Amino acid sequence: MKTNKIFAFAGALAALVACNKQELPYDLAGTEHAVVVGISKAEGASLILDNDMNAGDYRVILDVPKYQGDMSMLKEAQVMAVYTRGKDKKGVIVAEGITEFPKEVKVEMKDICSKLGISRIETGDRVEFTPCVTLQSGTQVNGWSPVAGFNNIAFTNWPMNDGTPYTYRVSYTAFAPFQKEKFQGVGVPQRGADGSDYGTVNVTQINDKPESYPKGVTADDVVGLKIEGDIWYAPDTIILWINTKDYSLIFPDQVVSPQWTYPGGAYGTYDGMLIGGSGEVDTLNNTLTFSFDSSWGPYGLGGDTIILYFNEIAG
């Protein structure tokens, strides 16, 4: 796996040298501009999916990023619910006709389940809400599709008007009980895209606290983790926190491999950083999934999605 990452680094560095000479693989003048709409959970609304489809307060806020361009091209926005059970995933529009922002939208889970043909909610089920837009031209841009997955991921961390980062979806999961002791010991990180095995890492729980918290989250709601081993630069030390309010991850930008030298030394020595990190916890299978971009001095080296499995529980 380390060899594959070295090749990926080499490709990224070579691309930086050649980018000024490359022609785009598409007609830039012929591309259609669109509108970016973000989504977040409303303050005071439910944070997780209730097993009772008649319970829960599911309200989301639709808004546009601070530097969004010409909104006159937007006809309306919608909210799509994307339902996942195991490997089965399907989506349905659950609110439409949204033309003003910010806009709070309330949806009833029983209505969503009816549209999806779901008779009950089981532990492990997930419902994600994502914005869709219809342009004045008639073009429909969905926030998710069975072929391409979620849209607008590239705009993550764009600033919203209130200073919070842009998000392309919000997630509600029917979680199994959280077992804190399961998230420590020997972990096996695998790439989400192809399942490649990185070897093993060591995970310990720490008392350090993050510098900032999501709204409504306090120091008592987080579990700190230190991950040491081969994730990206080899070796790495990653600090993140489990938010036990909604089982998302607090994953700040950080140096994970200080003064890392590219193999062979041809490109110098810089701090290896992971940036734009996010992720979530699967309390049913006791795994962590986290995504990030990376930088190394003046170079942007792309990113990945990692699934961290635990194969040994620390005593």
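A word on the overall build of the protein chain. When helices and strands are counted, the protein chain shows two helices and 19 strands. Relative to its full complement of 315 residues, the protein chain shows a buried share of 41%. When contacts within the protein chain are restricted to residue pairs at least 6 apart in sequence, those whose partners lie at least 24 apart make up 59%. Total accessible area on the protein chain is roughly 16300 Å²; 50% of this is exposed by carbon and sulfur atoms.

So, on to the sheet that holds strand β1 (residues 38-41). The strands making up a sheet are joined through hydrogen bonds of the backbone, oriented either antiparallel or parallel. As summarised here, the arrangement of the three strands in space is β1-β2-β5, forming an open sheet in which the pairing is antiparallel. A strand with exactly one partner marks an edge of an open sheet, and here the two such strands are β1 and β5 (103-107). Averaged over all pairs of adjacent strands, the angle between their axes in this sheet comes to 30°, without regard to strand direction. As paired strands, β1 and strand β2 (residues 58-63) are joined by four bridges and run antiparallel to one another. When the bridges of β2 are listed, K41 appears paired with V60.

What follows concerns the packing of aromatic side chains. If you walk through the whole model with that rule in mind, you get 20 aromatic pairs. On the basis of an interplanar angle of 25° and a centroid distance of 5.5 Å, the ring pair of F178 and F183 is categorised as stacked. Residue F183 is classed as buried on the basis of its relative accessible area, which comes to 0%. Each residue in the set Y233, W260, Y262, Y267, Y270, W296 and Y299 is aromatic and connected to the rest through ring pairs, giving one cluster. Of note, K41 hangs over the ring of Y172, and the distance from its end group to the ring centre comes to 4.2 Å. Above the ring of F150, the side-chain terminus of R169 is found at 5.9 Å from the ring centroid.

Here the focus is the pattern of salt bridges. Scanning all chains against the criterion turns up 10 salt bridges. We note a salt bridge from E128 to K89, for which the minimum N-O separation is 3.8 Å. Taken together, the residues E128 in strand β6 (residues 126-135) and K89 in strand β4 (residues 88-98) connect sequence positions 39 residues apart. Of the residues examined, E128 reaches a relative accessible area of 3% and is grouped as buried. The exposure class of K89 is partly exposed, given its relative accessible area of 37%. Close ionic contact of R126 with E280 constitutes a salt bridge, the shortest N to O distance being 2.9 Å.

Along the polypeptide, S295 turns up in strand β18 (residues 287-296). The exposure class of S295 is buried, given its relative accessible area of 16%.

What follows is about the confidence of the model for the protein chain. Scored by pLDDT, the protein chain has a mean of 86; 86% of the residues are at 70 or more. Counting contacts from residues 17-22, a segment whose pLDDT is below 50, to residues more than four positions away or on other chains yields zero contacts.

Definitions and limits used
- Residues numbered from 1 in each chain as written.
- Predicted model: local features only at pLDDT ≥ 70, side-chain atom pairs only at ≥ 80, totals over all residues.
- Heavy atoms only, no water.
- Helix = DSSP H or I, 4+ residues; strand = E, 2+ residues; numbered from the N terminus.
- Buried < 20%, exposed > 50% of the residue type's maximum accessible area, 1.4 Å probe, protein only.
- Contact = heavy atoms within 4.5 Å.
- Areas by Shrake-Rupley, 256 points an atom, 1.4 Å probe, with all protein chains shown as cover.
- Pairing = 2+ DSSP bridges.
- Axes fitted to C-alpha atoms, helices over the stretch in contact; angles between N-to-C directions.
- Phe/Tyr/Trp six-rings, centres within 6.5 Å; stacked < 30°, edge-to-face > 60°.
- Lys NZ or Arg CZ within 6 Å of the ring centre and 35° of its normal.
- Salt bridge = Lys/Arg side-chain N within 4 Å of Asp/Glu carboxyl O.
- pLDDT = per-residue confidence, 0-100.

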